[in-house]
Amino acid sequence: MKDQWYHHAIIYALDVETFKDSNNDGIGDFEGLVSQLDYLSGLGINCIWLRPFYPSPLVDDGYDIMDYYSVDKRIGNLGDFVDFAVKANALGIRIIIDLVINHTSDRHHWFLESKKSKDSKFRDYYIWKEELSRKDKKHENMMGEGGIWEWDDEANAWYMHHFKKEQPDLNISNPDVREEIKKIMGFWLKLGISGFRIDAAHVIVHESKEHYVELLDEMREFLNSRDHEAILLAEADVDYEHLQKFFGKEKGAQRMHLLFNFHTNKNMFLALAKETAEPLITSLNQIQQVKGEWVNFLRHHDELNLEMLSEDEREEVYRAFAPDENMRMLGRGIRRRLAPMLDGDRKRMELINCTMFSLPGLPLVNYGEEIGMGDDLSQDGRSSVRTVMQWDTTKNAGFSMASHDKLAHPVVKSPDYGYHKVNVSSLQCDPDSFLNWMERLISTRKYSPQLSFGRWMVLENDTPEVLSFFYEWKYDIVIILLNFSNRECRVHMNTGEQHFENLTEIFSNRQYDKRISRIDEEVDLSPYGYRWFKSTIHREH
């Protein structure tokens with residue numbers, strides 16, 4: 001496999017406006033982000049995923065874009081962005097930005113022009129109908145706010161919107177729209193970014209499969225022509241059988257370089273709720289059939305989407321992690337951050353982070369997860385998990401010196417997760433803190449190239465609560481055991497024809513009494529325990 005930069009990536013997802021405010025107006029900005037790059041570098045981060053920072057009416061937290069070629073003036077300008085890109089790259093940190101191609105804002109000049117006349121070239125940039133069929137009226141939008149068609153008096157027609165009515169869908173079957181998308185990509189590549197996260201890819205594919213595949217092919221071809229190191233990462237929460245179309249059918253990625261792994265994401269939580277590794281083992285065996293590479297995550301800026309689980313499975317996850325109705329969203333997900341979902345239980349927080357970092361693919365950390373940040377359920381919808389970063393115990397968690405009422409997003413003030421208790425500065429001073437544990441996890445992952453390049457296989461064992469698997473690369477192996485239950489386990493694995501000897505334990509939840517030299521020995525795991533071993537395979541010649 002060719003060694004590309006993203007195989008080594010530890011991705012950190014953040015929103016500029018909630019990360020750090022440099023001018024004390026209550027809104028995070030690029031200068032504030034630049035001031036914290038050393039922190040991210042020290043944590044071990046080498047790739048930042050920036051959520052939308054473009055000019056926007058902010059109906060959907062910046063995903064309703066008015067101008068693809070600029071920066072929201074509240075958080076800076078293009079000069080500030082370039083300064084950020086230069087300084088991040090100097091620290092070895094790559095940048096991925098959101099590319100929102102499913103829709104624009106209804107205040108984007110393309111849409112304003114499209115309404116004025118049927119003869120405008122921009123009319124076909126969007127999807128219009130003068131009359132709706134009965135079938136059209138049955139479709140529900142993704143936000144649970146009614147149908148996908150909205151009447152516009154000026155255009156005297158209906159336009160399609162899969163999200164909010166202020167976000168009209170782009171018509172990607174139009175070659176002019178696809179050319180616009182490539183121009184946008186080219187612009188930001190020139191400004192120093194290393195890739196794009198394709199927003200809502202799974203929504204577009206359902207509406208226009210043929211044209212969407214054409215667009216993916218064109219985007220990849222364009223990217224290769226401009227920057228052979230740049231990548232495409234897609235948000236595609238679809239059934240296993242539809243995943244391959246996003247990668248392409250040839251050996252190696254021909255379309256997307258990477259997909260978010262929504263399947264292992266929800267099955268990690270199902271496994272933890274059921275206290276058995278079976279859901280995750282089943283998911284791993286299924287994704288192994290897909291030729292492509294993954295980004296693994298626990299939480300991000302949206303709800304934890306459980307839609308693909310069965311109704312019984314979803315209810316089991318709800319009971320474990322979102323028992324109150326206010327913790328749920330859209331009938332399909334959980335609008336909580338990880339730490340409060342797990343009741344601040346350090347053992348479970350370590351176990352599930354360790355699991356995510358050890359799965360096939362790249363790990364992604366959402367801002368604040370490294371310190372165990374909490375949420376604010378008094379906020380509407382997804383805003384509950386989009387509170388400002390907690391840096392220290394000073395005013396507004398060190399995010400901004402502005403008055404509280406001027407903050408773009410609130411500060412968590414709950415007794416268990418408020419910034420006086422949970423913040424970067426305090427946790428850095430505690431050698432046993434969760435933040436310092438996360439640094440060790442990131443370091444162990446970065447110095448275990450087997451997880452980036454090796455072939456992997458689930459190992460059978462005699463304990464259903466435990467997931468055991470291994471990676472092999474250049475005669476070196478890493479063996480990982482993860483206990484999803486709250487009980488002590490003694491595990492014996494079926495290694496088949498594999499003979500793993502001279503093991504060295506490189507990462508674990510505690511120091512175990514018995515030293516393991518061979519993997520066919522019985523291995524002890526404490527409740528929610530985890531153990532990583534490294535060894536060299538000796539082959540007969």
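Residues numbered from 1 in each chain as written. Predicted model: local features only at pLDDT ≥ 70, side-chain atom pairs only at ≥ 80, totals over all residues. Heavy atoms only, no water.

Undergrad: Just to check I follow, could you spell out the overall build of the protein for this structure?
TA: Looking only at helices and strands, the protein has 18 helices and 22 strands in total. The globule rule puts the C-alpha radius of gyration for 541 residues at 24 Å, and the 24 Å found for the protein is close to it. Dimensions of the protein along its principal axes, counting C-alpha atoms only, are 75 × 55 × 45 Å. Sorting the 541 residues of the protein into buried and exposed places 60% on the buried side. Pairs at least 24 apart in sequence give 69% of the contacts found in the protein among residues at least 6 apart. Just so you have it, the protein exposes about 22,000 Å², and 45% of that area is on carbon and sulfur atoms. (Helix = DSSP H or I, 4+ residues; strand = E, 2+ residues; numbered from the N terminus. Rg over C-alpha atoms; globule rule 2.2 N^0.38 Å. Buried < 20%, exposed > 50% of the residue type's maximum accessible area, 1.4 Å probe, protein only. Contact = heavy atoms within 4.5 Å. Areas by Shrake-Rupley, 256 points an atom, 1.4 Å probe, with all protein chains shown as cover.)

Undergrad: Where do I start with the environment of Met329 in this structure?
TA: Looking at the secondary structure, you find Met329 in strand β12 (residues 328–329). Given the relative accessible area of 11%, Met329 is considered buried. For the pair Met329 and Ile193, spaced 136 residues apart in sequence, the C-alpha to C-alpha distance is 33 Å. When near neighbours in sequence (up to four residues on either side) are disregarded, Met329 contacts Glu303, Arg335, Gly381 and Arg382.

Undergrad: Would you explain the sheet that holds strand β3 (residues 94–99) in this entry?
TA: Hydrogen bonds between backbone atoms are what pair the strands of a sheet, whose relative direction is either parallel or antiparallel. Read around the barrel, 8 strands follow the order β1-β2-β3-β7-β8-β9-β10-β14 and close on themselves; strand pairing throughout is parallel. Within the sheet, the average angular offset between the axes of one strand and its neighbour, ignoring direction, is 25°. Packing of helix α4 (residues 78–90) onto the sheet brings it into contact with β2 (47–50) and β3, and relative to β3 it is tilted by some 140°. In this fold helix α7 (residues 175–190) packs onto β3, β7 (195–198) and β8 (231–234), with an angle of close to 155° to the strand it touches most, β3. (Pairing = 2+ DSSP bridges. Axes fitted to C-alpha atoms, helices over the stretch in contact; angles between N-to-C directions.)

Undergrad: I keep staring at the nonpolar core and nothing clicks. Help me out?
TA: In summary, soluble globular proteins display a tendency toward joint burial of nonpolar side chains. Leu50, Phe84, Phe196 and Ile198 are the most contacted members of the largest nonpolar core, which totals 150 residues. Not counting chain neighbours up to four residues away, the residues in contact with Leu50 comprise Leu14, Val16, Phe30, Leu33, Phe81, Phe84, Ile95, Ile96, Ile97 and Asp98. In terms of nonpolar packing, the next biggest core, distinct from the first, is built from 17 residues, Cys489, Phe500, Tyr512 and Ile519 among them. (Core = buried A, V, L, I, M, F, W, Y, C linked by side-chain atoms within 4.5 Å.)

Undergrad: Would you explain unusual backbone geometry in this entry?
TA: Excluding glycine, residues mostly carry a negative phi; peptide bonds, for their part, are mostly trans. The phi dihedral of Asn156 falls on the positive side, at around 55°, and the residue is not glycine. One can find Asn156 in the loop between β5 (149–152) and β6 (157–160). The phi torsion at Lys474 lies on the positive side, around 50°, for a residue other than glycine. With respect to the helices and strands, Lys474 occurs in the loop between β16 (466–473) and β17 (476–483). Looking at Lys474, the relative accessible area reads 61%, which means it is exposed.

Undergrad: Help me understand empty space enclosed by the protein, please; the structure alone is not making it clear to me.
TA: Gaps left between atoms show up when a probe the size of a water molecule is rolled over them. Tallied over the full model, the rule gives 4 cavities of 30 Å³ or more. In terms of lining residues, the largest cavity is bounded by 13 residues, among which Asp15, Glu17, Pro52, Phe53 and Arg74 are the most central. Grouping the amino acids of the lining of the largest cavity by side-chain chemistry returns 6 nonpolar, 2 polar and 5 charged. Around the second largest cavity sit Leu298, Arg299, Leu338, Asn353, Met356, Leu364, Val365, Asn366, Glu369 and Met438, which together line it. At the level of elements, α15 (346–358) and β14 (362–366) are the ones that each hand at least two residues to the lining of the second largest cavity. At 3 residues, the largest contribution of residues to the lining of the second largest cavity is made by β14. (1 Å grid on protein atoms, 1.4 Å probe; cavity = no way out; pocket = protein on both sides within 12 Å on 5 of 7 lines; lining within 4 Å. Points joined across faces, edges and corners; volume = space filled by probe spheres on them. Nonpolar A, V, L, I, M, F, W, Y, C, P; charged D, E, K, R; others polar.)

Undergrad: Explanation requested: α7 in the structure shown.
TA: The α-helix advances 3.6 residues per turn, and as a result positions three or four apart in sequence lie on the same side. Across its 16 residues, α7 extends 23 Å between first and last C-alpha, which sits within 8% of the 22 Å expected from 1.5 Å per residue. Taken as a whole, α7 has its buried residues at Val177, Arg178, Glu180, Ile181, Lys182, Ile184, Met185, Gly186, Trp188 and Leu189. Its side-chain oxygen placed 2.9 Å from the backbone nitrogen of Asp176, Asn174 serves as the N-cap of α7. (Expected span 1.5 Å × (residues − 1). Polar contact = N/O pair within 3.5 Å; in protein donor to acceptor, adjacent residues only side chain to side chain.)

Undergrad: So what exactly am I meant to see when it comes to the layout of surface pockets here?
TA: Its volume calculated, the second largest pocket comes out at about 590 Å³. Surrounding the second largest pocket, 32 residues form its lining, Met142, Phe163, His202, Val203 and Arg332 being those nearest its centre. Take the lining of the second largest pocket: its biggest share by element is 4 residues, from helix α8 (residues 201–207). For the lining of the second largest pocket, the residue count by class is 9 nonpolar, 9 polar and 14 charged.

Undergrad: Would you mind going over the environment of Leu99 with me for this structure?
TA: Within the secondary structure layout, Leu99 lies in strand β3. The exposure class of Leu99 is buried, given its relative accessible area of 1%. A C-alpha to C-alpha distance of 9.1 Å links Leu99 and Arg51, two positions 48 residues apart in sequence. Sequence-distant contacts of Leu99, defined by excluding residues within four places in its chain, comprise Ile181, Ile184, Met185, Phe196, Arg197, Ile198, Asp199 and Met219.

Undergrad: Explanation requested: the packing of helix α11 (residues 262–274) against helix α12 (residues 278–287) in the structure shown.
TA: The angle between the axes and the distance between the axes are what describe a pair of packed helices. Two elements in contact, α11 and α12, have axes separated by 7 Å at closest approach and are oriented at 160°. As the angle between them shows, α11 and α12 are arranged roughly antiparallel. Helix-helix and strand crossings are classified by hand; for α11 and α12 the assignment is left-handed. On the side of α11, the interface is formed by His263, Thr264, Asn267, Met268, Leu270, Ala271 and Lys274, while α12 contributes Pro279, Leu280, Ser283, Leu284 and Ile287. The class makeup of the residues in the contact of α11 with α12 is 7 nonpolar, 4 polar and 1 charged. (Parallel < 35°, antiparallel > 145°, perpendicular 65-115°, else oblique. Left-handed = near helix turned anticlockwise from the far one by under 90°.)

So, to be careful, I would describe these as geometric facts and stop short of saying anything about function.
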